[in-house]
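# Coordinate analysis (summary)
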Amino acid sequence: MNIHSSHASNASIEERLRIAGLRPTRQRVALASLIYAHGDRHLSAEELHEEAVFASVPVSLATVYNTLHQFTEAGMLRIISVEGSKTYFDTNISDHHHFFVEGENIVFDIPDGETGQPIVSNLPKAPEGMEIVNVDVIVRLRRKD
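Summary of the structure given here. For every chain, the first residue of the written sequence is number 1, and numbering continues from 1 onward in sequence order. Reporting of local features is limited, given that this is a predicted model, to residues whose pLDDT is at least 70; pairs of side-chain atoms are given and counted only at 80 or more, and all residues count toward the totals for whole chains, interfaces and linings. Note: side-chain values were computed over all heavy atoms of the structure, leaving out hydrogens and water.

### Section: the side chain of Asn-92
Along the chain, Asn-92 falls in the loop between strand E3 (87–90) and strand E4 (98–101). With near-sequence residues (within four places) excluded, Asn-92 lies in contact with Asp-40, Arg-78 and Asp-109. Under the DSSP-based scheme used, a helix requires at least four consecutive residues in state H or I and a strand at least two consecutive residues in state E, with every element numbered from the N terminus. Only heavy atoms matter for contacts: two residues are in contact if any of them lie within 4.5 Å across the pair.

Dropping the structure here:
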């Protein structure tokens, strides 16, 4: 990668942060660059912290957690809770559903149209003064013996 393409990608990351209402600090830009470098994906705070350490980005795990939650609140990431304490962050913020491989901690998207019909139908009516924002479906999988 030459310096110009690197600068251009950082410029677009910085612009993306500004549009989301976040100040493009050095740490946010570095973490966003790692998050979005590989297209749509699901990652945990621990995985991002490992990537940051490998890339010589000096951040603590607490800073990674805080940054991921700031990005989520700003609409840049979608949070997926699969276990009581296991949370993944999804770069694809569109409405879609997930498979989760138990015991392997692997999360991946259920392809659109996979079932040929909506996964969830006959949703209950939202309570007075409320609206349904989205429905998250996580289909748990395990390998056959």
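Text resumes after the structure shown.
### So, the packing of aromatic side chains
Classification of ring pairs rests on two measures: the distance between centres of Phe, Tyr or Trp rings, Trp counted by its six-membered ring, which must be within 6.5 Å, and the angle between planes, read as stacked under 30 degrees, edge-to-face over 60 and tilted in between. For the structure shown, the criterion picks out one aromatic pair. Sitting over a ring, as applied to charges here, requires NZ of Lys or CZ of Arg to be within 6 Å of the ring centre and within 35 degrees of the ring normal. The ring centre of Tyr-36 lies 4.0 Å from the NZ or CZ of Arg-16, which sits over that ring.

### Looking at the pairing of E3
Bridge count between strand E1 (residues 42–43) and E3: two bridges; the pairing is antiparallel. Directly across from Leu-43, in E3, lies its bridge partner Phe-89. Note that strand E2 (residues 78–81) and E3 share four bridges and pair antiparallel. Looking at E3, one finds that Ile-80 is bridged to Tyr-88. Pairing between two strands is assigned when DSSP locates at least 2 bridges connecting them.

### Examining the sheet that holds E3
The three strands lie next to each other as E1-E3-E2, forming an open sheet whose pairing is antiparallel. Of all strands in the sheet, those bounded by a partner on one side alone are E1 and E2.

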